[in-house]
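Per-entry structural report
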Amino acid sequence: MQLLKFLPGAALLVPSVAFSQQPQHRQILQIVDQHAAHFSATSKTIWEYAELGYQETKSSALLRRELETAGFQVQSPVADEPTAFVATYGQGAPVIAILGEFDALPGLSQAASPDRSPITTGAPGHACGHNLLGSGAALAAVALKEYMQQNHVTGTLRYYGTPAEEGGDGKVYMLRAGLFRDVDVVLQWHPDSENIIENGGMLAMNSARFLFHGVAAHAAMAPERGRSALDAVMLMGSGIEFLREHIPSNSRIHYIITNGGAAPNIVPDTAELYLYARNPSLPVLGDVWNRILKIGQGAALMTETTLEVKDVGGTANVLPNDALAKVAQRNLEEVGGYRYTADEKHFAEELQKSLPPGGAGDLDSTALIQPLRPPDPNAAAASTDVGDVSWNFPTIGFETATFVPGVAAHTWQAAASAGMTIGHKGMIIAAKAIAITGADLFSDPQLVSAAKTDFQRQLKGRTYASVIPAGQTPPLDYRNK
Ligand SMILES: [Zn+2]
Ligand SMILES: [Zn+2]
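It should be emphasised that the depicted structure is a prediction, and the values quoted were computed from it without experimental measurement. (Residues numbered from 1 in each chain as written. Chains lettered and ligands numbered in written order. Predicted model: local features only at pLDDT ≥ 70, side-chain atom pairs only at ≥ 80, totals over all residues. Heavy atoms only, no water.)

**Remarks on the overall build of the protein chain**
Defined as follows: Secondary structure elements follow DSSP: runs of H or I of four or more residues count as helices, runs of E of two or more count as strands, with numbering from the N terminus. Two things to know: the radius of gyration comes from C-alpha atoms, and the globule rule equals 2.2 Å times the number of residues to the power 0.38. Three exposure classes are used, based on accessible area relative to the maximum for each residue type with a 1.4 Å probe and protein chains only: buried under 20%, partly exposed in between, and exposed over 50%. Any pair of residues with heavy atoms lying within 4.5 Å of one another is described as a contacting pair. Counting rule applied: Lys, Arg positive; Asp, Glu negative; His and chain ends not counted. Note on charges: their place is set at NZ of Lys, CZ of Arg, CG of Asp or CD of Glu.
Regarding its fold elements, the protein chain presents 12 helices and 11 strands. Its C-alpha atoms give the protein chain a radius of gyration of 23 Å, near enough to 23 Å, the size a compact globule of 481 residues would have. The burial tally for the protein chain puts 56% of its 481 residues in the buried class. A fraction of 83% describes how many contacts in the protein chain between residues 6 or more apart in sequence connect residues 24 or more apart. In the protein chain, which carries 35 positive and 47 negative side-chain charges, the distance between the mean positions of the two groups comes to 2 Å.

Quick look at the structure:
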């Protein structure tokens, strides 16, 4: 997931001075503080592992061990995903879920230093901060569990260990396996360069490999015997370019040619185009996707080749939930932001020198909580499998300043921030906000029902449908292709 929306506007911002805290919140915040150093170290270990999607063996094992030690019952593996797991504490209603991710990104290995210095050139790195995401979610879960135990709070708390967010659709297969079945509300967070509530947004996205099969022939001696799979790929590309004019302008379509044949003097008998399509609306994307499929079929018809649509992937946009957003905003403001030490300020200033002109954000903004904003359909956005969860259960997200202001996700600067104390401080804020929001949900059945009412309102009668074919298994080797 990539978030690019640093908006200065200090006049509207809420200062970091915490509001008077409810006694139960105060208790939870203290528990989080007690465990904060430990889970910061956990996040650092996962940052060092930097494992790619569906290969997060050590990261998943570490988080499972932490949750088991804290008293959760861990089910693993689940959903035919070796690194997926579900950790549960308590029983009965309500069922509150916290999402954790822990996969890294290829090629973004980076030391925790303010200049570009890979630990291992070309190796993966935590440039989306999922080391913080998984560890911070675990910190929230462990603290909330301890609070529930101490105060005899009833209900079920679950941590979902969700692999391969970066392109592997891990959560979609976990949903299909029925692992979320009885969940009432989902809480999630993502590292960012500011402290803000993520109330919906992002783009629904479908992806697939379009593999054409033709007939090979000598391209000079017997071209008439050949049927070029590459011709089909090129015609499909042309068709997509003409399609762009006639679809909603907030759509995105991007593709690469992953196989264009072996040599110019051989008519290619296989060729492949790998394509992503996105739109803020899941149903609109569905219409666009059907037209893309027709273009592929048309290209095969024109060239007398056959088309195989492979490795279909898909994630939904994230549905907002206004009832949850209000509570989340209040709680994030209650927790407040944080300030840099002199060393951190020096690190941030050095790192900001590598950002494009005008790209550096205000370092004091980490102390602020941004105002609640409705999702902006025109904002630059990427896609996440949290979207699929949000189409099935009331979901709300927190974002905190784990990256130096102005730093976007999926950059070495983000990986650097995620591996040091700036990342840890942002993570602890997220854990606190999640934990006290969880406590509110356990103590207030009306809040849970308001979240469900708003969920139905956001659905507007629409139903969730994933483009991933029924019966397709998780693409465990997608990082090896
Ligand atoms: Zn990402
Ligand atoms: Zn991410």
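That covers the picture; the talk isn't over yet.
**Digging into the coordination of the zinc ion (ligand 2)**
In a perfect tetrahedron of four donors around a metal, the angles come out at 109.5 degrees. In a perfect octahedron of six, they are 90 or 180 degrees. Just so we agree on the cut-off: Water is absent from the atoms considered, so a metal site may look incomplete; donors are defined as N, O and S atoms within 2.8 Å of the metal, or 3.2 Å for Na, K and Ca.
Summarising the metal site, the zinc ion (ligand 2) is bound by the protein donors Cys128 (SG), His130 (NE2) and His190 (NE2), whose distances to it range over 2.0 to 2.3 Å. Metal-to-metal, the separation of the zinc ion (ligand 2) and the zinc ion (ligand 1) is 3.1 Å; Cys128 coordinates the two. Side by side, Cys128 and His130 carry an identical accessibility label, which is buried.

**Remarks on unusual backbone geometry**
The linkage connecting Ser76 with the following residue, Pro77, adopts the cis geometry, with an omega of -5°. For Pro77, the position within the fold is in the loop between β1 (73–75) and β2 (85–91). Following Ala93, the chain continues into Pro94 via a peptide bond in cis, with omega recorded as -10°. Relative to the helices and strands, Pro94 resides in the loop between β2 and β3 (95–100). Phi angles above zero are rare outside glycine, and Ala50 is one such case at about 45°.

**Regarding the sheet that holds strand β10 (residues 306–315)**
The criterion, for reference: Any two strands between which DSSP finds at least two bridges are classified as paired. Note on definitions: angles span 0 to 180 degrees between N-to-C directions of axes, and those axes are lines fitted to C-alpha atoms, for helices only across the stretch in contact.
Strand order in the open sheet formed by four strands is β8-β9-β7-β10, and the pairing between neighbours is antiparallel. Since the sheet does not close on itself, it has two edges, and those belong to β8 (252–259) and β10, each with one partner. Taken over all neighbouring pairs, the strand axes of this sheet differ in orientation by 15° on average, direction set aside. The sheet contact formed by strand β7 (residues 204–213) and strand β9 (residues 270–279) spans 10 bridges and is antiparallel. Paired with Asn206 across the strands is Ala277, a residue of β9. Relative to β7, helix α6 (residues 282–303) is tilted by about 10°, and along the sheet it contacts β7, β8, β9 and β10.

**Some points on helix α7 (residues 322–335)**
Inclusion rule: Between the first and last residue of a helix there are one fewer steps than residues, each counted as 1.5 Å, and that sum is the expected span. Between N or O atoms, a polar contact is any pair within 3.5 Å; within protein, one atom must be a potential hydrogen donor and the other a potential acceptor, and residues adjacent in sequence are included only when both atoms are from side chains.
Across its 14 residues, α7 extends 20 Å between first and last C-alpha, which sits within 8% of the 20 Å expected from 1.5 Å per residue. α7 sits mainly inside the fold: 11 of its 14 residues count as buried. Where the residues of α7 are buried, they touch α1 (23–49), β5 (185–192), β6 (196–198), β11 (395–401), α11 (421–443) and α12 (445–459). You can read the cap of α7 off the contacts: a side-chain oxygen lies 3.3 Å from the backbone nitrogen of Ala323, and it is on Asn321.

**Observations concerning the packing of aromatic side chains**
The following threshold applies: Classification of ring pairs rests on two measures: the distance between centres of Phe, Tyr or Trp rings, Trp counted by its six-membered ring, which must be within 6.5 Å, and the angle between planes, read as stacked under 30 degrees, edge-to-face over 60 and tilted in between.
Overall, the coordinates contain nine aromatic pairs when judged by the stated rule. With a centroid separation of 5.7 Å and 90° between ring planes, the pair formed by Tyr274 and Tyr276 is classed as edge-to-face. Judged by its relative accessible area of 21%, Tyr274 is partly exposed. Residue classification places Tyr276 among the partly exposed residues on the basis of a relative accessible area of 26%.

**Focus: the pattern of salt bridges**
Cut-off, in case you're wondering: We count a salt bridge whenever a side-chain nitrogen from Lys or Arg sits within 4 Å of a carboxyl oxygen from Asp or Glu.
Enumeration over the complete set of coordinates arrives at 17 salt bridges. A salt bridge links Asp311 to Lys481, with the shortest nitrogen-to-oxygen separation between them at 2.5 Å. One end of the pair, Asp311, is in strand β10; the other, Lys481, is in the segment after α12, and 170 residues separate them in sequence. Of the residues examined, Lys481 reaches a relative accessible area of 54% and is grouped as exposed.

**Brief notes about the confidence of the model for the protein chain**
Our working rule: The predictor's confidence in any single residue is recorded as pLDDT, a number from 0 to 100.
On average, residues of the protein chain score 95 in pLDDT, and 96% of them reach the 70 mark or higher. Contacts from residues 2–12, a stretch scored under 50 in pLDDT, to residues over four places away or in other chains number 29 contacts. Across residues 14–18 the pLDDT falls below 50, and counting only partners more than four positions away or on other chains, this stretch makes 13 contacts in the model.

**Focus on the nonpolar core**
To keep things clear, this is the line we draw: The set of buried Ala, Val, Leu, Ile, Met, Phe, Trp, Tyr and Cys residues whose side-chain atoms join them within 4.5 Å is what this entry labels a nonpolar core.
In terms of nonpolar packing, the biggest core is built from 84 residues, with Leu67, Phe72, Tyr159, Trp189 and Val404 touching the most fellow members. When residues in this core are grouped by element, the largest group, 13 residues, is from α11. If we skip the residues at most four places from it in the chain, Phe72 touches Leu67, Ala87, Thr88, Tyr89, Ala141, Val142, Lys145 and Leu157. By size, the runner-up hydrophobic cluster in this structure holds 30 residues, among which are Ala204, Phe212, Ala299 and Ala300.

**So, the packing of helix α3 (residues 130–150) against α11**
Condition: Any angle from 65 to 115 degrees is called roughly perpendicular, while one under 35 is roughly parallel, one over 145 is roughly antiparallel, and all others are oblique. Here a crossing is called left-handed whenever its near helix is offset anticlockwise from the far helix by less than a right angle, and right-handed whenever the offset is clockwise. Each residue receives one of three labels: charged for Asp, Glu, Lys and Arg, nonpolar for Ala, Val, Leu, Ile, Met, Phe, Trp, Tyr, Cys and Pro, and polar for the others, Gly being one of them.
Running from N to C, α3 and α11 cross one another at 40°; their axes reach a closest spacing of 8 Å. When the axes of α3 and α11 are compared, the pair comes out oblique. Every pair of crossing elements has a handedness; the one defined by α3 and α11 is right-handed. Residue-level inspection shows Leu132, Ser135, Gly136, Leu139, Ala140, Leu144, Tyr147 and Met148 of α3 in contact with α11, the latter providing Gly423, His424, Met427, Ile428, Ala431, Ile434, Ala435, Gly438, Ala439 and Phe442. Class assignment for the residues of the contact of α3 with α11 results in 13 nonpolar, five polar and no charged.

**A word on the environment of Pro124**
Residue position: Pro124 is located in the loop between β3 and α3. Through-space distance from the C-alpha of Pro124 to that of Ala104 is 6.1 Å; in sequence the pair is 20 residues apart. Excluding its chain neighbours within four sequence positions, the residues that come into contact with Pro124 are Ala50, Leu52, Ala104, Leu105, Pro106, Gly107, Leu108 and Ser109.

**Re the sheet that holds β2**
The strand order across the open sheet built from seven strands is β1-β2-β4-β3-β5-β11-β6, with neighbouring strands paired in mixed fashion. What marks the edges here is a single partner per strand, and that holds for β1 and β6. Here the average twist between neighbouring strands, direction ignored, is 25°. For β3 and strand β4 (residues 155–161), the ladder comprises six bridges, and the chain directions are parallel. From the neighbouring strand, Ala97 faces β4, where its bridge partner is Arg158. Along the sheet face, helix α2 (residues 57–69) touches β1, β2 and β4 and points at about 10° away from the line of β2. Contacts from α11 reach β3, β4, β5 and β11 within the one sheet, and its direction differs from that of β11 by about 150°.

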